[in-house]
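Residue-level structural notes
Each chain is listed here by its residues.
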Amino acid sequence: MSAPQAPARVWRHPKPEGAAGLCVGARSDLPVHWRRAKRLARRIQALARRERLPNRVITSPLQRCASVGVWLRRWGWQHHRDPALLELDFGTWDGLAWTQISQAEVDAWVNNFSAHAPGGGESLAHMLQRVQAWPLPAGALIVSHGGWMLARQWLSEHGDALPQATSWPRPPGYGECRQFQPGQVSEI
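Remember, it's a predicted structure, so these values are computed and weren't measured experimentally. (Residues numbered from 1 in each chain as written. Predicted model: local features only at pLDDT ≥ 70, side-chain atom pairs only at ≥ 80, totals over all residues. Heavy atoms only, no water.)

Next up on the list: the nonpolar core. Among the nonpolar cores identified, the biggest contains 29 residues, and Trp-93, Leu-128, Trp-134, Leu-136, Ile-142, Trp-148 and Trp-168 are the most heavily contacted of them. Of all elements in the fold, only strand S1 (8-12), helix H3 (103-111), helix H4 (124-133) and helix H5 (146-158) reach the threshold of two or more residues within this core. Val-32, Ala-37, Leu-72 and Val-143 belong to the second-largest nonpolar core, a separate cluster that totals 17 residues. (Core = buried A, V, L, I, M, F, W, Y, C linked by side-chain atoms within 4.5 Å. Buried < 20%, exposed > 50% of the residue type's maximum accessible area, 1.4 Å probe, protein only. Helix = DSSP H or I, 4+ residues; strand = E, 2+ residues; numbered from the N terminus.)

Structure below.
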């Protein structure tokens, strides 16, 4: 019997600047205050030292995630940006205030939560396929988005079942870390 592989750690990016009240997805490249990015980078660095993990971080290419990787790269780490780690693409909704999106459009998404592509962007079913197809490396240190993390959590807990709006988990807090087993998750 082989030894269990080290879990991957995924952090949600720090709180971005100017996001309050907005629909923020894959098309919104909001910055993070440098202190927040540096603080999360220090936490990741400390975990890697404690657990003797490689000095390598994988981030979404959006600056709210990548800025953490930039700090780590300054300290000698390898930093890889991977578009597979992007947040859900909200299409034309992305960057709009939630109050600017009609209730009828939001209701259409909630009523067909997995298949509807909000704002003509990406459906949750497509995002789940994208997350499922990305083989999570053992012991990986990753900075991504709340939606990506929730998709990974959903797949780990529910396999190929598609979620309804009422069953979708609450997002992790900014800078929160979750552990996931390495490899791919079940097919959807």
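This part covers the pattern of salt bridges. As enumerated under the stated definition, the model contains five salt bridges in all. Between Arg-9 and Glu-51 there is a salt bridge, with the nearest N and O atoms lying 2.6 Å from each other. Pair noted here: Arg-9 is in strand S1 and Glu-51 is in helix H1 (residues 34-51), with a separation of 42 residues, a long-range link. Between Arg-36 and Glu-17 there is a salt bridge, with its nearest N and O atoms 3.0 Å apart. You can see Arg-36 sitting in helix H1 and its partner Glu-17 sitting in the loop between S1 and H1, a full 19 residues away along the chain. By relative accessible area, which is 31% here, Arg-36 ends up partly exposed. (Salt bridge = Lys/Arg side-chain N within 4 Å of Asp/Glu carboxyl O.)

The next subject is the environment of Lys-38. Mapped onto the elements, Lys-38 comes out in helix H1. The class for Lys-38 is partly exposed, based on a relative accessible area of 27%. Residues Lys-38 and Trp-71 lie 33 residues apart in sequence; the distance between their C-alpha atoms is 6.1 Å. Beyond its immediate stretch of four places on either side in the chain, Lys-38 contacts Trp-71 and Trp-75. (Contact = heavy atoms within 4.5 Å.)

A few words on the sheet that holds strand S2 (residues 56-59). Read across the open sheet, the five strands follow the order S3-S2-S4-S1-S5; overall the sheet is mixed. At either margin of the open sheet sits one strand with a lone partner, and together these are strand S3 (78-81) and strand S5 (177-180). Across the sheet, the axes of successive neighbouring strands diverge by a mean angle of 25 degrees, strand direction being ignored. Where S1 and strand S4 (residues 141-144) come together, four bridges link them in parallel fashion. Within S4, the position partnered with Trp-11 by the bridge is Val-143. Running over the sheet, H1 touches S1 and S4 and is turned about 165 degrees from S1. Across the sheet, H5 touches S1, S4 and S5, and the angle it forms with S5 is around 35 degrees. (Pairing = 2+ DSSP bridges. Axes fitted to C-alpha atoms, helices over the stretch in contact; angles between N-to-C directions.)

The contact between H4 and H5 brings their axes to 9 Å, and the two run at 75 degrees. Classified by the interaxial angle, the pair formed by H4 and H5 is roughly perpendicular. Each of Met-127, Leu-128, Arg-130, Val-131 and Gln-132 in H4 lies in contact with H5, whose residues at this interface are Gly-147, Trp-148, Ala-151, Arg-152, Trp-154 and Leu-155. Split by residue class, the contact of H4 with H5 holds seven nonpolar, two polar and two charged. (Parallel < 35°, antiparallel > 145°, perpendicular 65-115°, else oblique. Nonpolar A, V, L, I, M, F, W, Y, C, P; charged D, E, K, R; others polar.)

None of the figures reported here should be taken as evidence of function without further support.
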